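# Remarks on the overall topology
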Amino acid sequence: EPEVTQTPSHQVTQMGQEVILRCVPISNHLYFYWYRQILGQKVEFLVSFYNNEISEKSEIFDDQFSVERPDGSNFTLKIRSTKLEDSAMYFCASSETEIYNEQFFGPGTRLTVL
Amino acid sequence: AQKVTQAQTEISVVEKEDVTLDCVYETRDTTYYLFWYKQPPSGELVFLIRRNSFDEQNEISGRYSWNFQKSTSSFNFTITASQVVDSAVYFCALKETDKLIFGTGTRLQVFP
């Protein structure tokens, strides 16, 4: 069964460093998303991406964040200068269409900023 | 504003008990979509069900059932004859434009 994959599973970084989180969405899906979950809290939307551009972003997704689909399979989230409060689980998701299809989530990348 | 409320923070049951997880939503949209996801201790988010606002039929899938009531803006999830493997955090979510708005989740602990 096709699934969303994410690498790495755990990333530890120093405050101020840049990190890139990688995702491979399900191959025939057209819509891609990043969410984050601070430990013990709810899942929060960061950004959605379709047709090589951002379609929606939340207030959390400020200038420190960027997304890219560098090739036909990868979808990345970059945090330019990490802060302590960026420590969270980051989930990538994809869906076949935007309107009603469920979003399938990857296993997550746990980001720890020291 | 769109909102999802899961008032039950944590529920503990003994195996074989039935348990219902509550979800109340707020939306101004006339057409909307609701979801349930399961987050087991391993951390991934597992899709369980999608419900469209124009389809109020309740759904049963094995030991899982969902009760959608537009009149009370609720989309409750019942596990019949719970098992230890059902122990997880369960999230209800509402689709708004591109994104899912999640509730705060209900942690279900099933003891043997």
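Residues numbered from 1 in each chain as written. Chains lettered and ligands numbered in written order. Predicted model: local features only at pLDDT ≥ 70, side-chain atom pairs only at ≥ 80, totals over all residues. Heavy atoms only, no water.

## Re the state of the cysteines
Applying the stated criterion to the full structure yields two disulfides over all chains. Covalent S-S linkage joins C23 of chain A and C92 of chain A, the inter-sulfur distance amounting to 1.9 Å. Judged by the sign of its S-S torsion, about -65°, the cystine formed by C23 of chain A and C92 of chain A is left-handed. Remark: C92 of chain A occurs in strand 9 (residues 88-95) and C23 of chain A occurs in strand 3 (residues 19-24); sequence separation between them is 69 residues. Of the two residues, C23 of chain A and C92 of chain A, neither departs from the other in class, the shared state being buried. Here C23 of chain B is linked by a disulfide to C92 of chain B, with a sulfur-sulfur distance of 2.0 Å. Measuring handedness by torsion sign, the sulfur bridge of C23 of chain B and C92 of chain B sits at about -65° and is left-handed. Residue C23 of chain B is located in the loop between strand 3 (19-21) and strand 4 (24-26), and its partner C92 of chain B is located in strand 10 (residues 88-96); the two are separated by 69 residues in the primary sequence. (Disulfide = S-S within 2.5 Å. Helix = DSSP H or I, 4+ residues; strand = E, 2+ residues; numbered from the N terminus. Buried < 20%, exposed > 50% of the residue type's maximum accessible area, 1.4 Å probe, protein only.)

## Focus on the pattern of salt bridges
If you walk through the whole model with that rule in mind, you get seven salt bridges over all chains. With a closest N to O distance of 3.1 Å, D55 of chain B and R51 of chain B form a salt bridge. D55 of chain B sits in the partly exposed class, given a relative accessible area of 26%. In this structure R51 of chain B comes out as buried when scored by relative accessible area, which is 5%. With its nearest N and O atoms 2.8 Å apart, the salt bridge here joins D86 of chain B to R63 of chain B. Linking D86 of chain B in the loop between strand 9 (74-79) and strand 10 with R63 of chain B in the loop between strand 7 (59-61) and strand 8 (64-69), this pair joins segments that are 23 residues apart in sequence. With relative accessibility at 1%, the residue D86 of chain B sits in the buried group. We classify R63 of chain B as partly exposed; its relative accessible area is 25%. Through salt bridges with shared partners, a single ionic network connects E56 of chain A together with E96 and K99 of chain B. (Salt bridge = Lys/Arg side-chain N within 4 Å of Asp/Glu carboxyl O.)

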